[in-house]
Amino acid sequence: MREIVLDTETTGLDPLRGDRLVEIGCVEIFNRMPTGQTYHVYINPERDMPAEAFAVHGLSTEFLASKPLFTEVVDEFLAFIGDTPLVIHNASFDISFINAELDRIKRKAIPKDRLVDTLLLARRKHPGVSNRLDDLCSRYQIDNSRRTKHGALLDAELLAEVYIDLIGARQSQLILASETSDARAGGYGDSPRRQRETPLVARVTDADREAHRAFVTTLGDKPIWNDYLPPPAPAAAPAA
C-alpha cells in the first residue's frame, strides 16, 4: 500500500488570518517502507515573514521572494500525492493550510478521511507524555541531530521513520529479516517463501489438461518455442 508522509512550514498558525504556506515536503512509503521518492518545494507566500515563524524554520522573506507561487506548483504536488493516504503529525494544522491554498485558486479540498494523524496515534499509544516529533524520535532512537530548525522535507523523513515504529511495522520487518537470515544460514539462495497450511485447490481440470495436449499436437514438430531452446550438446566421441 502506498502512503505519503507530509509536512509543511508556514508564516504562522492561522490561515484564516492571512498566514500562508511556504514549504511542502513529502516522502513516499510503500508497504510501510520508504521508497526513496520525495517531493519538496519552497513557495512564495506573497507576504512578509514574521520574526516568530522565521525563528522556527529560518525561511526569510528575501529567500522566498524568488520561489514559485502555490498555483505554479499545485499540479505537480497533487500528482505526487495522488489519492493515497496522507500521514501527517498534527494533521489538522497542515491540511488547513493546504486546503486554504487550494481554496484560493478554486481547487478541490483534500478530504479529511485521507488523513492519518500520527499525533493522535502517538497519544493513544503513549498517553500522558509529550508526543512532539522530537520526543518520538528520542523514544524510538531515531537520529534527529540534523533538525536544528524545522524543515518540511527533513521532518517528513523523520516522521516516516517514527510512523513505521509507531504502528509496529519495524518489528514485523525485523521478524521477517530474522526468519530469512535463519533460512539462509546454511548457504545462499532466494528468500524463503511462506507455505500455506492448506494448499489451494488446483483450478486446472483433467479436461483442461487433455484439451491442452490436443492443442499441442496440432502445432507439428516445429513449434515456435523451439527457436528459443539452446542447441543440443554434441554427442560424445566413442571410446577407442
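The rules we used
Residues numbered from 1 in each chain as written. Predicted model: local features only at pLDDT ≥ 70, side-chain atom pairs only at ≥ 80, totals over all residues. Heavy atoms only, no water. Helix = DSSP H or I, 4+ residues; strand = E, 2+ residues; numbered from the N terminus. Buried < 20%, exposed > 50% of the residue type's maximum accessible area, 1.4 Å probe, protein only. Contact = heavy atoms within 4.5 Å. Pairing = 2+ DSSP bridges. Expected span 1.5 Å × (residues − 1). 1 Å grid on protein atoms, 1.4 Å probe; cavity = no way out; pocket = protein on both sides within 12 Å on 5 of 7 lines; lining within 4 Å. Points joined across faces, edges and corners; volume = space filled by probe spheres on them. Nonpolar A, V, L, I, M, F, W, Y, C, P; charged D, E, K, R; others polar. Axes fitted to C-alpha atoms, helices over the stretch in contact; angles between N-to-C directions. Polar contact = N/O pair within 3.5 Å; in protein donor to acceptor, adjacent residues only side chain to side chain.

*Asks:* I would appreciate a short explanation of the side chain of Asp155 in the present structure.
*Replies:* Note that Asp155 resides in helix H7 (residues 152–166). According to the relative accessible area criterion, Asp155 is buried, its value standing at 3%. Contact partners of Asp155, with chain neighbours within four places excluded, come to Asp7, Glu9, Leu133, Arg147 and His150.

*Asks:* Help me understand the pairing of strand E2 (residues 21–30), please; the structure alone is not making it clear to me.
*Replies:* In summary, the side chains of a regular strand alternate between the two faces of the sheet. Here E2 lies mainly inside the structure; nine of its 10 residues are buried. Inspection of the sheet shows E2 paired to strand E3 (residues 33–42) by seven bridges, in the antiparallel sense. In the strand pairing of E3, Glu23 is matched with Tyr42. Adjacent in sequence and paired antiparallel, E2 and E3 are bridged by two residues, among which Asn31 carries a positive phi angle near 50°.

*Asks:* Would you take a moment to explain H7 for this structure?
*Replies:* Taking 1.5 Å per residue, 15 residues should reach 21 Å; H7 reaches 20 Å between its end C-alpha atoms and fits that length. The buried fraction of H7 amounts to 13 of the 15 residues, a majority that puts the element mostly inside the structure. Backbone geometry just after H7 places Gly168 at a positive phi near 80°.

*Asks:* I keep staring at the layout of surface pockets and nothing clicks. Help me out?
*Replies:* If a probe as big as a water molecule is rolled over the atoms, it shows which places are left empty. Within this model, the largest pocket holds a volume of roughly 650 Å³. In this structure, the largest pocket is lined by 27 residues; those nearest its centre are Glu9, Val56, Phe93, Arg147 and His150. Breaking the lining of the largest pocket down by element, the ones donating at least two residues are strand E1 (2–10), helix H1 (51–57), helix H4 (91–104), helix H5 (118–125), helix H6 (133–139) and H7. Class assignment of the residues belonging to the lining of the largest pocket gives a composition of eight nonpolar, 10 polar and nine charged.

*Asks:* Would you mind showing me how to read the sheet that holds strand E4 (residues 86–88) here?
*Replies:* Across a sheet, paired strands are connected by hydrogen bonds in the backbone, their directions being either parallel or antiparallel. Read across the open sheet, the five strands follow the order E3-E2-E1-E4-E5; overall the sheet is mixed. Each edge of the open sheet is held by one strand with a lone partner, namely E3 and strand E5 (115–117). Ignoring strand direction, the axes of neighbouring strands in this sheet form an average angle of 25°. Across nine bridges, the pairing between E1 and E2 is antiparallel. The partner of Asp7 across the bridge, within E2, is Gly25. Against the sheet, H4 engages E1, E2, E4 and E5, with an angle of about 80° to E1. Its contacts with the sheet place H7 against E1, E2, E3, E4 and E5, and it is angled at close to 35° to E2.

*Asks:* Help me understand the side chain of Glu9 in this model?
*Replies:* With respect to the helices and strands, the residue Glu9 is situated in strand E1. Beyond its immediate sequence surroundings of up to four residues, Glu9 is in contact with Arg20, Leu21, Val22, Glu23, Val56, His57, His150, Gly151, Ala152 and Asp155.

*Asks:* What is the right way to look at unusual backbone geometry in this model?
*Replies:* Working note: non-glycine residues mostly have negative phi, and peptide bonds are mostly trans. For Asn90, which is not a glycine, the phi torsion comes out positive at approximately 60°. Looking at the element boundaries, Asn90 is found in the loop between E4 and H4. Taking relative accessible area as the criterion, Asn90 reaches 30% and is therefore assigned partly exposed. The backbone phi angle of Lys106 is positive, close to 60°, even though this residue is not glycine.

*Asks:* Looking at this structure, how should I read helix H3 (residues 70–81)?
*Replies:* Each α-helix winds once per 3.6 residues, and so residues spaced three or four apart point in a common direction. In a regular helix each residue adds 1.5 Å, so 12 residues correspond to 16 Å; H3 covers 15 Å between its end C-alpha atoms and thus fits that length. Of the surrounding secondary structure, the elements contacted by the buried residues of H3 are E1, E2, E3, E4 and H4. One or two positions beyond H3, positive phi appears at Gly82, with a value near 55°.

*Asks:* Just to check I follow, could you spell out the environment of Asp113 for this structure?
*Replies:* As for its placement among the helices and strands, Asp113 is situated in the loop between H4 and E5. For the pair formed by Asp113 and Pro85, sequence separation is 28 residues and the distance between their alpha carbons is 8.4 Å.

*Asks:* Just checking my understanding: could you explain the environment of Arg147 for this structure?
*Replies:* Considering the arrangement of structural elements, one finds Arg147 in the loop between H6 and H7. The class of Arg147 is buried, set by a relative accessible area of 15%. Separated by 13 residues in sequence, Arg147 and Asp134 place their C-alpha atoms 8.7 Å apart. Within polar-contact distance, the side chain of Arg147 engages the side chain of Asp155 at 2.7 Å.

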